[in-house]
Amino acid sequence: MTQLMVTIEDSSKVSTIKKLLQMIEGVHVSLPPKKKRKTGIDLAYEDVAAGRVTRYNSFSDFMKEIKSEL
């Protein structure tokens, strides 16, 4: 199977071009998959992997830090 990627600057022409291509026997038109949005947990895992974490000795130290930022 051979694939061809086409870039179309004028988005109003997309539907017409898709219809024309679908008329050709043996041609299948598909759009690239949409990028999946990352969930909060995915972003948190990335933070941990990149070292963007803070460690505290105790919960009270954590609370002191939070209160000082307010």
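Just above sits the structure.
Rules and cut-offs
Residues numbered from 1 in each chain as written. Predicted model: local features only at pLDDT ≥ 70, side-chain atom pairs only at ≥ 80, totals over all residues. Heavy atoms only, no water. Helix = DSSP H or I, 4+ residues; strand = E, 2+ residues; numbered from the N terminus. Rg over C-alpha atoms; globule rule 2.2 N^0.38 Å. Patch = residues over 30% accessible without salt bridge, like charges linked within 9 Å, V, L, I, M, F, W, Y side chains within 5 Å. Areas by Shrake-Rupley, 256 points an atom, 1.4 Å probe, with all protein chains shown as cover. Salt bridge = Lys/Arg side-chain N within 4 Å of Asp/Glu carboxyl O. Buried < 20%, exposed > 50% of the residue type's maximum accessible area, 1.4 Å probe, protein only. Phe/Tyr/Trp six-rings, centres within 6.5 Å; stacked < 30°, edge-to-face > 60°.

Visitor: In this structure, what is going on with the overall build of the chain? I would like to understand it.
Guide: Within the chain, the secondary structure is distributed over three helices and zero strands. Ordered by position in the sequence, the α and β elements of the chain form the string α-α-α. Rg of the C-alpha trace for the chain: 25 Å, well past the compact-globule value of 11 Å for 70 residues, more than 25% over. When the backbone C-alpha atoms are referred to their principal axes, the chain occupies close to 70 × 30 × 15 Å.

Visitor: What is the right way to look at a nonpolar patch on the surface in this model?
Guide: Together, Y56, F59, F62, I66 and L70 make up an exposed nonpolar region whose accessible area comes to about 550 Å². With respect to the secondary-structure elements, L70 resides in the segment after α3 (59–69). Judged by its relative accessible area of 86%, L70 falls in the exposed class.

Visitor: How should I be thinking about the packing of aromatic side chains in this particular structure?
Guide: The description of two aromatic rings rests on the distance between their centres and on the angle between their planes. Counted under the stated rule, the structure contains two aromatic pairs. Consider the rings of Y56 and F62, whose centres lie 5.4 Å apart with planes at 70 degrees: the pair is edge-to-face. Note on Y56: relative accessible area 35%, which makes it partly exposed. The class of F62 is partly exposed, set by a relative accessible area of 31%. Put simply, the rings of Y56, F59 and F62 pair up and form one aromatic cluster.

Visitor: What is the right way to look at the pattern of salt bridges in this model?
Guide: Side-chain pairing between opposite charges can occur once the charged atoms of the two side chains come close. Within this structure, the stated rule accounts for two salt bridges. In this structure, the salt-bridge partner of E46 is K38, at a minimum N-O distance of 2.4 Å. What makes K38 partly exposed here is its relative accessible area of 48%. D47 serves as the salt-bridge partner of R52, at 2.8 Å between the closest nitrogen and oxygen. The class for D47 is partly exposed, based on a relative accessible area of 29%.

Visitor: Just checking my understanding: could you explain the environment of T54 for this structure?
Guide: Summarising the element assignment, T54 is placed in the loop between α2 (40–50) and α3. T54 sits in the exposed class, given a relative accessible area of 58%. Residues T54 and G26, spaced 28 residues apart in sequence, show a C-alpha to C-alpha distance of 57 Å.

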